Amino acid sequence: MVGLGPKHPPSRKGSMHDVPQDLLQHVKEFETVFTVDRAKLKSIVDRFIVELEAGLAADGANIPMNVTWVMDFPDGNEQGTFLALDMGGTNLRVCEITLTKQKGGFDITQSKYKMPEELKTGTADELWNYIADCLEQFLHTHHEGENLHSLPLGFTFSYPAQQDYIDHGILQRWTKGFDIDGVEGHDVVPPLEAVLKKRGLPIKVAALINDTTGTLIASAYTDTAVKIGAIFGTGVNAAYMDNVGSIPKIAHLGLPADMPIAINCEYGAFDNERKVLPFSKYDEIIDRDSPRPGQQAFEKMTAGLYLGEIFRLALLDLHDSNPGLIFGKQDISKLRKSYLLDASFLAAIEEDPFENLSETADLLEKELGICATLAELEMIRRLAELIGTRAARISACGIAAICKKKQMQTCHVGADGSVFTKYPHFKVRGAQALREILDWAPQDKDKVEILAAEDGSGVGAALIAALTLKRVKAGNLAGIRNVDTMNTLL
Ligand code: GLC
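Residues numbered from 1 in each chain as written. Predicted model: local features only at pLDDT ≥ 70, side-chain atom pairs only at ≥ 80, totals over all residues. Heavy atoms only, no water.

(A) Geometry of the sheet that holds strand 4 (residues 106-114). Overall, mixed pairing links the five strands, which are arranged 4-3-2-5-8 in an open sheet. Each edge of the open sheet carries a strand with a single partner, namely strand 4 and strand 8 (203-209). Averaged over all pairs of adjacent strands, the angle between their axes in this sheet comes to 20 degrees, without regard to strand direction. Sheet topology note: the strand 2 (residues 80-87)/strand 3 (residues 91-99) ladder contains eight bridges and is antiparallel. Residue pairing for strand 3: threonine 81 is matched across the bridge by threonine 98. Sitting on the sheet, helix 14 (residues 456-473) is in contact with strand 2, strand 3, strand 4, strand 5 (151-157) and strand 8, with an inclination near 50 degrees to strand 3. (Pairing = 2+ DSSP bridges. Helix = DSSP H or I, 4+ residues; strand = E, 2+ residues; numbered from the N terminus. Axes fitted to C-alpha atoms, helices over the stretch in contact; angles between N-to-C directions. Contact = heavy atoms within 4.5 Å.)

Listed below in structure tokens is the structure:
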């Protein structure tokens, strides 16, 4: 590694002294498998730029580069009351946001609902009814007995959707472990509207939004240096503002070349063709056993949904390929259960403050029923560190690729997601990777800074709904499907 500055996380190399030679040799193998050096990062970014361009050139490319019809940054004077529905990977959140008179101000009321695991592989009807239940319950709790006029909804649907209009989106494919029949290939707005209508809920979809676009807009609301919105969470992805002239696939629409338009990259799909990413045998297993093999290659190496599973597979492989090397004769059957461990397990290991790794030992006993020796604990800590570091370094490639493609030397990136906010050292490791990729001089401060975002799926969704209505009012109807509905919301 290059340029270990003061911000770099402390090296744990010194703490491998309890690891005997035979185990150490396997740790070294893990180091080879999971280390991504500067040259590799750079070649990943070069390929990334090619794929970003290909996605802008034509429909059907590997990275979809979805046009979102979000055509402006907010100016801080947006006003009104909006509902936001956030269907992420784990929770469903309903918010009511009032953008207040005060420049950049807002009030928010919100409720969270756990997304039942079985819903993710259930039927489309179950999904839409569950969403309607949550919205109904929200209105019941916060507006009982009121005679509500139509409420504009910003629907944050954080999956790849091709949008011909802002109030429209055809699901290209499920990601993040979802596998609900009968939704892929269809516009997701009409079934939601139908179920709302059936229940007599006074809600109308003003905009369908990706979490990255929401993050971009919400962050730019408070920091004008923000040019990219990124999610490092259950999935990984980013959005940025491009201009129509750089998007050949929409040239036929005849819009002005300098018109800004936000692009939801959907770059979790980067390198599905497997040209450059350093796939390990564990990545291969994750892909093979996923509901969508061959898809979301970049996401499967970097996102929170998969980090614990990569770790589990590596540990299991070490155990099974070397009888007697680790865990003695203990029953390791729990370790055989797919997706038993999530990223928070790795995060907890990396955060263990004790020299004897006693918290890691407790965790292993509690979650896996395994009693580990100090040598095993040190190996485990190193493995978690390698997997977390690989994820952070590879994640940085997407951001670097957008910056290089847009020739942005400096900017802020608004970032959200559980890995970004909760995984130890992720930010510092990502910043270090950007430094290596973008060749900043050692004395230079970070030129591209990845910073904690404003609430993209709530406030961002409300802002995008407000910007859409503002556009309708001004008669700029590019990318608006249901003008009549929008007019009822003005
Ligand atoms: C997945 C989704 C994408 C989303 C990302 C982060 O990659 O396909 O739409 O932005 O996860 O939630």
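(B) Here's a closer look at the side chain of aspartate 86. Mapping aspartate 86 onto the fold places it in strand 2. In this structure, aspartate 86 is in contact with Asn91, Leu92, Arg93, Thr156 and Ser457, ignoring residues within four places of it in sequence.

(C) Local environment of the site of the ligand. Contacts to the ligand come from 15 residues, most closely from Thr175, Asn210, Asp211, Glu266 and Glu299. The separation between an oxygen atom of the ligand and a polar side-chain atom of lysine 176 is 2.9 Å. The separation between an oxygen atom of the ligand and a polar side-chain atom of asparagine 210 is 2.7 Å. Burial of the ligand by the protein chains amounts to 98% of its free accessible area of 310 Å². Elements with a contribution of two residues or more to the shell around the ligand: helix 5 (211-222) and strand 10 (236-243). Looking at the shell around the ligand, its residues break down into four nonpolar, seven polar and four charged. (Near = heavy atom within 4 Å. Polar contact = N/O pair within 3.5 Å; in protein donor to acceptor, adjacent residues only side chain to side chain. Areas by Shrake-Rupley, 256 points an atom, 1.4 Å probe, with all protein chains shown as cover. Nonpolar A, V, L, I, M, F, W, Y, C, P; charged D, E, K, R; others polar.)

(D) Quick look at the sheet that holds strand 12 (residues 411-416). Reading across from one edge, 1-11-10-9-12-13 is the order of the six strands in this open sheet, with mixed pairing throughout. Both outer strands of the open sheet, strand 1 (66-67) and strand 13 (448-452), are each paired with one neighbouring strand and no more. In terms of strand pairing, strand 9 (residues 226-232) meets strand 10 through five bridges, oriented antiparallel. Among the inter-strand pairings, isoleucine 231 is bridged to a residue of strand 10, identified as asparagine 237. The sheet strands contacting helix 11 (residues 374-405) are strand 9, strand 10, strand 12 and strand 13, and the helix crosses strand 9 at an angle near 160 degrees.

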